[in-house]
Amino acid sequence: MKKLFNLLCSFIMIVSFILPTYAQEQNKYYSFDNISSNWNELDPYVKIQNNSFYLDLPDNVELSSELYSAVTNHLSSINEEIKENDLTIDVKTRRVYLPNQTFSTRSYGKNAVYFHWNYLEIYLDAGMVQSITTTGVGALWGLAGIYTPILAAHPVITLSIGAIFSLVANAVASSGIKDGIVLHLNFLGGGVTYIGRQ
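Model, not experiment: these values are computed from the prediction.

Under the counting rule described, the total for this entry stands at 3 salt bridges. Ionic pairing is found between R95 and E121, a salt bridge with its closest N-O pair at 2.8 Å. Of this pair, R95 sits in the loop between β5 (88-89) and β6 (96-97) while E121 sits in strand β10 (residues 120-124), and the two are 26 residues apart along the sequence. Using a relative accessible area of 15% as the deciding quantity, one classes R95 as buried. R197 serves as the salt-bridge partner of D179, at 3.1 Å between the closest nitrogen and oxygen. Remark: R197 occurs in strand β12 (residues 192-197) and D179 occurs in the loop between α5 (161-175) and β11 (181-185); sequence separation between them is 18 residues. Given a relative accessible area of 40%, D179 falls into the partly exposed group.

This is how it looks when you write it as structure tokens:
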């Protein structure tokens, strides 16, 4: 009986030390040394209010002063462009839309482009995917009317439309996807960070 009592007391002491540790959230520190090039780790902390993006860090998350400055400057630039160009942030999807922006959706997908706080979301229907696969980047120039207003409105995209089309065409060709496709083109770190079917 005494062994059982001692075992129970030991168990209670161990649990009393371990449980508070698990109950507290782990502290997180981000800097340019330990964050991905697309800053996806910060996505849960970028909030939307009054048609603007803002950084809302909990007490257990800290950014280096350089990263904090870069993120807040980036968000300020995006918010300025949103306001100046009468753009709208959909709070549910976190997409930024141009006023009166419409895209035709067909059974085999849609051709559209939206931007988020840290990447472009590009949709290409099956016909466009097929054209890119057979003719290359030239097929995308037919969509220049869709892409140009959004890219021109975006404050931090430093790539030319031709360079963006080239990245997109290469990603489509190497994906092996023949159906409608969606991809994320990260304008912070550059390059395609996600590709999948529509």
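There is more to say after this.
To continue, consider the side chain of D125. Secondary-structure assignment places D125 in the loop between β10 and α3 (126-135). Within the local environment of D125, its side chain forms a polar contact with the backbone nitrogen of M128, the two atoms lying 2.7 Å apart.

A separate point is the environment of D125. Accessibility expressed as a relative area gives 4% for D125, which makes it buried. In this structure the C-alpha to C-alpha distance between D125 and K110, which are 15 residues apart in sequence, comes to 4.7 Å.

Here we come to the pairing of β11. With 5 of its 5 residues buried, β11 lies for the most part within the structure. Pairing between β10 and β11: 5 bridges, direction antiparallel. For Y123, the partnering residue across the bridge sits in β11 and is V182. Here 5 bridges tie β11 to β12, and the two strands are oriented antiparallel to one another. Along β12, the bridge assignment pairs L185 with V192.

Among the structural elements, Y108 can be located in the loop between β7 (105-106) and β8 (109-110). The partly exposed category is assigned to Y108, whose relative accessible area is 42%. Y108 sits 73 residues away from I181 along the chain, and the two C-alpha atoms are 9.6 Å apart. In this view, Y108 contacts D125, A126, G127 and G180; residues no more than four positions away in its chain are not counted.

With a phi angle near 55 degrees, N50 is a residue other than glycine that sits in the positive phi range. Among the secondary structure elements, N50 is positioned in the loop between β2 (46-49) and β3 (52-55). Assessed through its relative accessible area of 71%, N50 is described here as exposed. Even without glycine at this site, N51 takes up a positive phi of about 60 degrees. For N51, the location among the structural elements is in the loop between β2 and β3.

Within the secondary structure, V182 sits in strand β11. Here V182 falls in the buried class, since its relative accessible area comes to 8%. Remark: the alpha-carbon pair of V182 and V172, spanning 10 residues in sequence, is separated by 9.4 Å. Leave out the neighbours within four places in its chain, and V182 touches E121, I122, Y123, Y194, I195, G196, R197 and Q198.

Time to look at a nonpolar patch on the surface. A contiguous nonpolar patch, built from L167, V192 and I195 and spanning about 180 Å² of accessible area, is present on the exposed surface. The exposure class assigned to L167 is partly exposed, which follows from its relative accessible area of 31%.

Now for the nonpolar core. Counting 41 residues, the largest nonpolar core has L42, F53 and L124 as its most contacted members. Ranked by residues supplied to this core, first place goes to α5 with 6 residues. Those residues in contact with L42 that sit more than four places away from it in its chain are Y30, I35, L63, V71 and W117.

Rules used throughout
- Residues numbered from 1 in each chain as written.
- Predicted model: local features only at pLDDT ≥ 70, side-chain atom pairs only at ≥ 80, totals over all residues.
- Heavy atoms only, no water.
- Salt bridge = Lys/Arg side-chain N within 4 Å of Asp/Glu carboxyl O.
- Helix = DSSP H or I, 4+ residues; strand = E, 2+ residues; numbered from the N terminus.
- Buried < 20%, exposed > 50% of the residue type's maximum accessible area, 1.4 Å probe, protein only.
- Polar contact = N/O pair within 3.5 Å; in protein donor to acceptor, adjacent residues only side chain to side chain.
- Pairing = 2+ DSSP bridges.
- Contact = heavy atoms within 4.5 Å.
- Patch = residues over 30% accessible without salt bridge, like charges linked within 9 Å, V, L, I, M, F, W, Y side chains within 5 Å.
- Areas by Shrake-Rupley, 256 points an atom, 1.4 Å probe, with all protein chains shown as cover.
- Core = buried A, V, L, I, M, F, W, Y, C linked by side-chain atoms within 4.5 Å.

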